[in-house]
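Next come the chains, spelled out residue by residue.
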Amino acid sequence: MRFSLHPTCPDLHRLGPTRADALLRAEAAAVAAENAAEHDRFRTLNNEEEAQQDGRGMTRRTFVAGAAATTALATTQFVSARASFAATPGGTLVHVFLYGGLDGLSLIAPADEDDLLARVRPDLVLPDNDSIALDRNFKLTGAFKPLEQHLKAGRLGFVPAVSDPRLSRSHFQAADACNLGGLPNETGGRGFLDSLVDALGPGTAFRSVGIGSTLPRSLVGTNGAISLNSVGSLNLNGDGRFRDATAAAIKGLFTGINHPVEESVQSGLAALATAQKLAAQGYEPAEGVKYEGVGNAFRQLAHLIKGGANVRVATIGMGGYDTHENQGSRDGGYLHRRLGELASALAAFFDDLGDKAADVTVMVSSEFGRRVAQNGSGTDHGHGGVVTVLSGKKLAGSLLGDWQGLDKLDSGDVPEFNNMFHVYGSVAQGRFGLTDAEVEKIFPRQKYTPVKLFA
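This is a predicted model, so every value here is computed, not measured.

Student: Any chance you could explain the sheet that holds strand 3 (residues 131–133) here in plain terms?
Tutor: Picture the strands of a sheet paired through backbone hydrogen bonds; they go either parallel or antiparallel. Pairing is antiparallel in the open sheet, where three strands are placed in the order 2-4-3. Each of the sheet's edge strands pairs with one partner strand only, and the pair in question is strand 2 (108–110) and strand 3. Here the average twist between neighbouring strands, direction ignored, is 35°. Of the pairings in the sheet, the one linking strand 3 to strand 4 (residues 138–141) comprises three bridges and is antiparallel in character. Residue pairing in the sheet places Ala133 in a bridge with Lys139 of strand 4.

Structure (C-alpha cells):
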C-alpha cells in the first residue's frame, strides 16, 4: 500500500539534511513499497496505458510525471544518454582546440620560403638552430622538442594551410563553425563530435567527455556528453554524507518504469559510480611523468582511459593564442612558451598511457590561422592554419596533405590547400575505420574528400 508524507511531517528531518533530500527519499521509500506489492502485476502488463491500478488511476506514465516532479533537482545532474553500457572497441579520439587562432607559421614553416618570411615577418621566422626538420623541407618549432621521439617514430604529423571558405576572421563565428563541423543552419547546432558518436555505436556513459567546466560546442547534441574538471568532481550535489542514499533513492525511483528517462538516469548513475570508484582508487601517473599547466586536463583523461571508462571521444581546450602583440615565436617568447606547454602535456599524456597510447589519436586545431606578415610585435587574424596529429597509429609522414607554397597568398593570408572538415573527417576515419558515407553524415552538406594521413 502506497503511503505519502506531507512536506511538514516532523519525521522528514531524519531522512536528509534538507527538505528536498528528505522528500526524495520518502518518495523513493513509498515507490519501493508499492512496487514490491505490485511487482507481479506490473510484470504482466505490456502497455503503460494498461498499468492502471484499481480505484486510483495510477499508470506508469503518471508515476513518471510525479517522480520527475519530486526529483527534479536530483535528476538535472544527469545527462541524457541513449547508449547501452556495453563498450565498443576502436580506441579514442581527443580533440584539442586552441582558442584564439594559432599562428601556424610559428609552429611549422617551409624552409625554402625563409627569404619571403624574413621580409614580412622578420621577428617571427623560425630559427634554424632551434627548429626540427620535417618532410618536404618544412621545419618545426623547437618548442615541440618534447615530442621529438614521437616524430621520429612516425606518430606526429602536421597538416598546413587548413581552413574552410565559410570561416570568417571572427573568433566566435569561426570557432563555432569549427566545432559544429559547418554553419549552424547546416548542422542544426549539433557538434561534429556528437555526430561522430552516432557512427561509433553504443558505449558507456563516458563515451564522450569534455575535460573542463563547460561542454564545448563539438560535443553538444543528443548523445549526452559529460563535462568535468576532474574525475572526482563528478558527483551529486548536496551533503556528501547522504550521497549514496540519494543515489539509491534515485535508482529506486527510475527502475522498471519502462520509460526513456529510466535509461538516462541509469546511465548517469553508472557514470557517477565509475567516477567515484576511480576517484577513491586515486591516480598516480606512470613513473617519471609530470603534468603541468594544460597537462592537468590530460591527466584527468589519462585517469579515465587507464581506469577503463571506455572513452571514445574527448575534448580539451587551451586558450591564449590570440597573439596580436608580443607574440615572440622564438625561444623564450610568449607563443614559444605556450606551444612548449602544449608539447610537454602531449608528451606526458602519451608517456603516461604507455601501451594504451596505441589506441589513441590526438587532433589539435584552432579556429583560424594568422596573417603572413607581422603587425608590430604580433599578427592579425588570418586564414589557413595548421592541424597537428599525434597518434599511436603510424602516420603517412611528418608533413601531411597538400602544400603549394606562399607565392600566391589569399589576401595576405596562407591559402586553403586542405579543407578543415576533410582533415577532421580523415582523422576520425583513420582512427575508427569509418566509411566515406559515415564521414559525410558527420559533416552535412559537404562532399567528403579523404586526406591521406595514416600509413
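Student: Hey, could you run me through the nonpolar core in this one?
Tutor: Generally speaking, nonpolar side chains in soluble globular proteins are found buried as a group. Counting 69 residues, the largest nonpolar core has Phe144, Phe349 and Val362 as its most contacted members. Here Val362 is in contact with Val94, Val96, Leu346, Phe349, Phe350, Thr388, Val389 and Leu390, once residues within four sequence places are set aside. In this structure, Leu167, Ala177, Ala428 and Phe432 belong to the second largest nonpolar core, which totals 36 residues.

Student: I'm lost on the packing of aromatic side chains in this one. Help?
Tutor: When we look at a pair of aromatic rings, we describe it by the centre distance and by the angle of the planes. With the rule as written, the count across this model stands at ten aromatic pairs. Each ring, one from Phe97 and one from Tyr99, has its centre 4.8 Å from the other, and the planes form 65°; the classification is edge-to-face. On the basis of relative accessible area, Tyr99 is assigned to the partly exposed category, the value being 36%. An aromatic cluster of three or more residues is present, and its members are Phe192, Phe421, Tyr424 and Phe443. Of note, Lys393 hangs over the ring of Phe454, and the distance from its end group to the ring centre comes to 5.3 Å.

Student: For this particular structure, what's the right way to read the side chain of Thr187?
Tutor: Structurally, Thr187 can be placed in helix 7 (residues 184–187). For Thr187, the side chain forms a polar contact with the main-chain nitrogen of Gly189, separated by 3.2 Å. Setting aside residues no more than four positions away along its own chain, Thr187 makes contact with Leu180, Gly181, Gly182 and Pro444.

Student: Would you mind going over helix 6 (residues 171–180) with me for this structure?
Tutor: Residues spaced three or four apart along an α-helix face the same direction, because each turn holds 3.6 residues. When you tally the buried positions in helix 6, you get seven out of ten residues, the bulk of the element. Among all positions of helix 6, only Ala174, Ala175, Asp176, Ala177, Cys178, Asn179 and Leu180 are buried. Tucked into the core, helix 6 has its buried residues touching strand 1 (92–98), helix 7, helix 8 (192–200), strand 9 (360–366) and helix 13 (420–432).

Student: In this structure, what is going on with the pairing of strand 1? I would like to understand it.
Tutor: Where a strand is regular, its side chains alternate between the two sheet faces. Of all seven residues in strand 1, seven are buried; the element is thus mostly enclosed. The alternating pattern of strand 1 places Thr92, Val94, Val96 and Leu98 and Leu93, His95 and Phe97 on opposite faces, both of which are buried. As judged from the seven bridges shared by strand 1 and strand 9, these two strands associate in the parallel manner. Bridging from a neighbouring strand, His95 pairs with Met363 of strand 9. Examined bridge by bridge, strand 1 and strand 8 (residues 313–318) share six bridges and lie parallel to one another. Bridging across to strand 8, Val94 finds its partner in Ala314.

Student: Honestly, the pattern of salt bridges in this entry has me stumped. Any pointers?
Tutor: Opposite charge on two side chains allows them to pair when their charged atoms are near. One pass over the full model with this rule turns up 16 salt bridges. The shortest N-O distance in the salt bridge between Arg370 and Asp322 comes to 3.1 Å. Of the two residues, Arg370 sits in the loop between strand 9 and strand 10 (385–391) while Asp322 sits in the loop between strand 8 and helix 12 (334–353), which places them 48 residues apart along the sequence. Residue class for Arg370 comes out buried when judged on its relative accessible area of 1%. Beyond isolated ion pairs, a larger network of salt bridges with shared partners links Asp114, Asp128 and Lys139.

Student: What is the right way to read the environment of Tyr99 from this model?
Tutor: Examined against the element boundaries, Tyr99 turns out to sit in the loop between strand 1 and strand 2. As a C-alpha pair, Tyr99 and Phe172 span 73 residues in sequence and 9.9 Å in three-dimensional space. With residues up to four places along the chain from it excluded, the contact list for Tyr99 reads Pro216, Gly317, Met318, Gly319, Gly320, Tyr321, Asp322 and Glu367.

Student: What exactly am I supposed to notice about the sheet that holds strand 9 here?
Tutor: Reading across from one edge, 7-6-8-1-9-10-5-11 is the order of the eight strands in this open sheet, with mixed pairing throughout. Edge strands, defined here as strands with exactly one partner in the open sheet, are strand 7 (226–228) and strand 11 (418–419). In this fold helix 12 packs onto strand 1, strand 8, strand 9 and strand 10, with an angle of close to 165° to the strand it touches most, strand 9.

Student: Got a minute to help me understand the pairing of strand 10 in this structure?
Tutor: With seven of its seven residues buried, strand 10 lies for the most part within the structure. Burial of strand 10 is two-sided: the residues Gly385, Val387, Val389 and Ser391 facing one way and the residues Val386, Thr388 and Leu390 facing the other way are all buried. The pairing of strand 5 (residues 156–163) with strand 10 spans five bridges and is antiparallel. Bridge pairing in strand 10 places Leu156 opposite Leu390. Bridge count between strand 9 and strand 10: four bridges; the pairing is antiparallel.

Cut-offs and rules
- Residues numbered from 1 in each chain as written.
- Predicted model: local features only at pLDDT ≥ 70, side-chain atom pairs only at ≥ 80, totals over all residues.
- Heavy atoms only, no water.
- Pairing = 2+ DSSP bridges.
- Helix = DSSP H or I, 4+ residues; strand = E, 2+ residues; numbered from the N terminus.
- Axes fitted to C-alpha atoms, helices over the stretch in contact; angles between N-to-C directions.
- Core = buried A, V, L, I, M, F, W, Y, C linked by side-chain atoms within 4.5 Å.
- Buried < 20%, exposed > 50% of the residue type's maximum accessible area, 1.4 Å probe, protein only.
- Contact = heavy atoms within 4.5 Å.
- Phe/Tyr/Trp six-rings, centres within 6.5 Å; stacked < 30°, edge-to-face > 60°.
- Lys NZ or Arg CZ within 6 Å of the ring centre and 35° of its normal.
- Polar contact = N/O pair within 3.5 Å; in protein donor to acceptor, adjacent residues only side chain to side chain.
- Salt bridge = Lys/Arg side-chain N within 4 Å of Asp/Glu carboxyl O.

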